[in-house]
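Each chain, letter by letter, is given below.
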Amino acid sequence: MDANRIIDLFLFAIPSLITGLIAYYFFREHTKNEDGRRRFLLKKDMQINAMPLRLQAYERMAIFLERISPSKLLIRITPTSSNKDDYEALIIQSIEQEFEHNLSQQIYVSDRCWSIITTAKNATIQLIRKANLSEKTDTANKLREVVLTEMMERRSPSDAALSFIKEEVSDMW
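What you are looking at is a predicted structure, and each value in this text was computed from that prediction instead of being measured.

## Some words on the pattern of salt bridges
Part 1: Throughout the structure, instances matching the rule amount to nine salt bridges.
Part 2: For Arg39, the salt bridge identified is with Asp35, shortest N-O distance 3.6 Å. Here Arg39 and its partner Asp35 are both found in helix α1 (residues 2–67), four residues apart, which amounts to about one turn of the helix.
Part 3: Judged by relative accessible area, Arg39 falls into the exposed class, the value being 58%.
Part 4: With relative accessibility at 31%, the residue Asp35 sits in the partly exposed group.
Part 5: Glu66 is paired through a salt bridge with Lys72; the nearest N and O atoms lie 2.3 Å apart.
Part 6: Given a relative accessible area of 28%, Glu66 falls into the partly exposed group.

Written as structure tokens, this is what we have:
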């Protein structure tokens, strides 16, 4: 009789165990889905809040690129003397100051975009240095003239970087 009783208890326990296992798996899956949903909503909220900051960073970098465009830079910064080396140093200092002012924006733009922006900055500096080393250049005004003439013949590094920024911003939508 004890064996029958044990078998009866076992038979009564099996449905309870099965129901318990099903409830365990159901609640585990439900909790996992809810956790995923909460993470998705949190990520979505973060993206919505970060979007204006990212757009502002792209805007500031576009302004930076416009300001270091050689044609605009040379019109904005006039020589203080006729010494071409002093003028070159003044222009490069202005570019570096603009860049340092916008360094924090790199956390909001992609690594590739930041790389292209720094390449444009360095290429602009190289262009000015190269023009200063030219045999045609003997005064600050002649340096301006040589750089501006070169910009008429080819596209400025800032323009290429600006095109990339526009493309990246359009891909955000």
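## Structural notes on the environment of Leu11
Part 1: Residue placement: Leu11 occurs in helix α1.
Part 2: Residue Leu11 is classed as partly exposed on the basis of its relative accessible area, which comes to 49%.
Part 3: When the C-alpha atoms of Leu11 and Asp159 are compared, they prove to be 80 Å apart, with 148 residues separating the residues in sequence.

## So, the packing of aromatic side chains
Part 1: For the structure shown, the criterion picks out four aromatic pairs.
Part 2: With centroids separated by 5.4 Å and ring planes inclined at 65°, the aromatic side chains of Tyr24 and Tyr25 adopt a geometry described as edge-to-face.
Part 3: A residue is classified by how much of its surface remains accessible, and Tyr25, at 45% relative accessible area, is partly exposed.
Part 4: Ring-pair connections join several aromatic residues into one group, and the members of that group are Phe64, Phe99 and Trp114.
Part 5: The lysine or arginine in question, Lys121, covers the ring of Phe99, its NZ or CZ lying 4.6 Å from the ring centre.

The rules behind the values
Per chain, residue numbering runs from 1 following the sequence as it is written. Local features in a predicted model are, by the rule used here, given only for residues with pLDDT of at least 70; side-chain atom pairs are given and counted only at 80 or more, and totals for whole chains, interfaces and linings are based on all residues. Computation of side-chain values: all heavy atoms of the structure, hydrogens and water removed. Whenever Lys or Arg places a side-chain nitrogen within 4 Å of a carboxyl oxygen from Asp or Glu, that contact is recorded as a salt bridge. Put simply, DSSP marks the helices as runs of H or I at least four residues long and the strands as runs of E at least two long, and each gets a number from the N terminus on. Burial classification: accessible surface area is computed with a 1.4 Å probe over protein chains only, and a residue below 20% of its type maximum counts as buried, one above 50% as exposed, and the rest as partly exposed. Any two of the Phe, Tyr and Trp rings considered here, Trp counted by its six-membered ring, make a pair once their centres fall within 6.5 Å; the pair's planes then place it as stacked at under 30 degrees, edge-to-face at over 60, or tilted in between. Sitting over a ring, as applied to charges here, requires NZ of Lys or CZ of Arg to be within 6 Å of the ring centre and within 35 degrees of the ring normal.

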